[in-house]
Amino acid sequence: MALATAFPTVGFDLDMTLIDSRPGIHACYLALAERTGVFVDADLAVTRLGPPLEEELRNWFPEGEIAGVADLYRAMYPSIAVAATPAMVGAREAVDAVRGVGGRAVVVTAKYEPNAKLHLAHLGMEPDAVIGDLWAEAKAEALREEGAVVYVGDHVGDVRGARAAGALAVAVATGPCSGAELRAAGADVVLDDLLGFPEWLSAYLDASRA
């Protein structure tokens, strides 16, 4: 497992880690259903956020339509979902904590990268890098390229990505996965939410330098 330096790079997931994307995604699925005439259970869909959009769409659309429907959803998304999406509790403080110790904060997410950047800009959050369209173990390459020693996420897929990158897997139980599920997946640390992250980061850096 990578050790922290005086100037750590910390990676963050986006949906249900830094942003509560449920209201916006819910509205976007309802609009998608109206546009396509195909029923989508938006209430159910927002309980399993994390994996790529295409995985959810396969529950509602034939395989041959997935690519086109995904393109339509992503085109509709900015005008429907961005303004409806708040920051998660403690998100700004977590990013500020990394910056406060001279570190870099990067976002690595399965979300379509242009839409991820729109969310962060709308909320006034300015990470040092945003890398989208990566899920689970596929996040590892970006985390390694960015030199991330810690990756923070809410899904077991985020834990797998952190471990594949050799980064410390810090999980927050704010998404679809329980603390027990995150621990079972191999999370090194499980926090209730990001409010506890600044204190944890300070303690982690102190221990790494001891």
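Scroll up to find the structure.
In this report, the structure presented in the accompanying data block is examined.

### Some thoughts on helix H8 (residues 156-165)
Part 1 of the argument: By the criterion of burial, H8 is predominantly enclosed, with 7 of the 10 residues buried.
Part 2 of the argument: Restricting attention to buried positions, one finds in H8 the residues Val156, Gly157, Asp158, Val159, Gly161, Ala162 and Ala165.
Part 3 of the argument: Buried residues in H8 make contact with helix H7 (139-146), strand S4 (148-153), strand S5 (168-172) and helix H9 (179-184).
Part 4 of the argument: Immediately beyond the C-terminal end of H8, within one or two residues, lies Gly166, with a positive phi of roughly 75 degrees.

### What to know about the side chain of Asp154
Part 1 of the argument: Counting through the fold element by element, Asp154 comes out in the loop between S4 and H8.
Part 2 of the argument: In this structure Asp154 is buried but unpaired, with Lys139 as the nearest side chain of opposite charge at 7.0 Å.
Part 3 of the argument: A polar side-chain atom of Asp154 sits 2.8 Å from a polar atom in the side chain of Thr17.
Part 4 of the argument: Discounting chain neighbours no more than four positions away, the residues touching Asp154 are Asp13, Asp15, Met16, Thr17, Val172, Thr174, Gly175, Pro176, Cys177 and Leu182.

### Things to note about the packing of aromatic side chains
Part 1 of the argument: Inspection of the entire model under this criterion finds 6 aromatic pairs.
Part 2 of the argument: For the ring pair Phe39 and Trp60, a centre distance of 5.9 Å and an interplane angle of 90 degrees mean the geometry is edge-to-face. Taken together, the residues Phe39 in the loop between helix H1 (22-36) and helix H2 (42-45) and Trp60 in the loop between helix H3 (53-57) and helix H4 (66-81) connect sequence positions 21 residues apart.
Part 3 of the argument: Ring centres of Phe197 and Trp200 lie 5.7 Å apart, and the angle between their planes is 35 degrees; on these two criteria the pair is classed as tilted. Here Phe197 pairs with Trp200, and both are found in helix H10 (residues 197-209), just 3 residues apart, close to one helical turn. Accessibility assignment for this pair places Phe197 and Trp200 in one class, buried.
Part 4 of the argument: An aromatic cluster is built from Phe12, Phe197, Trp200 and Tyr204, whose rings are joined through pairwise contacts.

Conventions adopted
- Residues numbered from 1 in each chain as written.
- Predicted model: local features only at pLDDT ≥ 70, side-chain atom pairs only at ≥ 80, totals over all residues.
- Heavy atoms only, no water.
- Buried < 20%, exposed > 50% of the residue type's maximum accessible area, 1.4 Å probe, protein only.
- Helix = DSSP H or I, 4+ residues; strand = E, 2+ residues; numbered from the N terminus.
- Contact = heavy atoms within 4.5 Å.
- Lys, Arg positive; Asp, Glu negative; His and termini not counted.
- Salt bridge = Lys/Arg side-chain N within 4 Å of Asp/Glu carboxyl O.
- Polar contact = N/O pair within 3.5 Å; in protein donor to acceptor, adjacent residues only side chain to side chain.
- Phe/Tyr/Trp six-rings, centres within 6.5 Å; stacked < 30°, edge-to-face > 60°.

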